[in-house]
Amino acid sequence: MAQTGKKRDFIGRVDKLYFKYIFGLMRHQSFKKGYGLIEVVIYTAILSALTLFVANTVLLSFSTLKSARINRRMALSAETALERIIREARMASSVDEALSVLGSDPATLVLNSVVSAENNAPSSKSFFVSGGRLALRESGGEIKFLTAPKISVSSFRVSKTESVHSQTVKINLNLKPADKALAEERKFYLSAVLRGGY
């Protein structure tokens, strides 16, 4: 009987402690309805850092994409211009040294040529820089631009070499975007043999 009473007494004390602990937790949780100030500051700092990181990544991606587009446009402009010079040089008989301005920057290249491969009527083809763009004028006609509007020609130099049977023109063409922050200046080179004089 004494042992049973002691057991009941022990169990009763354990029950009291347990309920006291549970009620204490409940009371503590009821006061803690929101976040503490330190938690809010930490969460805000983490969220700000993540937002900044994502924003910088997105801006960098857009900048890289725009730069790649500008570089592609510059390469396409250079390819278009230099291919036209090669095509006209192959039909030309000589460089008109009286009208050409060689060795200066920007240069002017005037070729004594023909209208086309099908039409052998004489024609002069002038390559020069106008308004920051490389242009072509055929026999005093209207100007045709060979480079894109937002691509600027920063340098156009032409030199000529002669051999017994042919003339060769060497072209140095530097292009840069209108907005210098987007891409760097690019340099392009070309040598074209005037085959019409063979």
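Residues numbered from 1 in each chain as written. Predicted model: local features only at pLDDT ≥ 70, side-chain atom pairs only at ≥ 80, totals over all residues. Heavy atoms only, no water.

Colleague: Just give me the short version of the nonpolar core, but keep the residues and values in it.
Modeller: Core analysis: the largest hydrophobic core is formed by 29 residues, its most contacted members being Phe156 and Leu173. Counting residues per element, the ones that place at least two in this core are α2 (37-91), β2 (109-114), β4 (133-138), β6 (151-162), β7 (167-177) and β8 (186-194). Broken down by element, the residue count for this core peaks at seven residues, all from α2. Setting aside residues no more than four positions away along its own chain, Leu173 makes contact with Ala78, Ala81, Leu82, Leu134, Val153, Ser155, Phe156, Arg186, Lys187 and Phe188. (Core = buried A, V, L, I, M, F, W, Y, C linked by side-chain atoms within 4.5 Å. Buried < 20%, exposed > 50% of the residue type's maximum accessible area, 1.4 Å probe, protein only. Helix = DSSP H or I, 4+ residues; strand = E, 2+ residues; numbered from the N terminus. Contact = heavy atoms within 4.5 Å.)

Colleague: Residue-level account of the packing of aromatic side chains, with values.
Modeller: Any two aromatic rings considered together are summarised by their centre-to-centre distance and by the angle between their planes. On inspection of all chains with the given rule, the structure shows zero aromatic pairs. In this arrangement the basic side chain of Arg133 is found over the ring face of Phe145, its NZ or CZ atom lying 4.2 Å from the centre. (Phe/Tyr/Trp six-rings, centres within 6.5 Å; stacked < 30°, edge-to-face > 60°. Lys NZ or Arg CZ within 6 Å of the ring centre and 35° of its normal.)

Colleague: How would you sum up the sheet that holds β7? Please name residues and give values.
Modeller: Strands sit in the order β6-β7-β8 across an open sheet of three strands; the sheet is antiparallel. Of all the strands in the sheet, just β6 and β8 have a single pairing partner and so form its edges. Neighbour-to-neighbour, the strand axes of the sheet open up by a mean angle of 15°, direction not taken into account. Across the sheet, α2 is in contact with β6, β7 and β8; its angle to β8 comes to roughly 15°. (Pairing = 2+ DSSP bridges. Axes fitted to C-alpha atoms, helices over the stretch in contact; angles between N-to-C directions.)

Colleague: Break down the sheet that holds strand β5 (residues 143-145) for me, with residues and values.
Modeller: Spatially, five strands are ordered β1-β2-β3-β4-β5 in an open sheet, and the strand pairing comes out antiparallel. The sheet terminates laterally at β1 (94-95) and β5, the two strands that pair on one side only. As paired elements, β4 and β5 share three bridges and run antiparallel to each other. Following the sheet pairing, Leu136 is matched in β5 by Lys144.

Colleague: Now, about a positive patch on the surface: what can you tell me, with residues and values included?
Modeller: Together, Lys66, Arg69, Arg72, Arg73 and Lys150 make up a positively charged patch on the protein surface. Summarising the element assignment, Arg69 is placed in helix α2. (Patch = residues over 30% accessible without salt bridge, like charges linked within 9 Å, V, L, I, M, F, W, Y side chains within 5 Å. Areas by Shrake-Rupley, 256 points an atom, 1.4 Å probe, with all protein chains shown as cover. Salt bridge = Lys/Arg side-chain N within 4 Å of Asp/Glu carboxyl O. Lys, Arg positive; Asp, Glu negative; His and termini not counted. Charge placed at Lys NZ, Arg CZ, Asp CG, Glu CD.)

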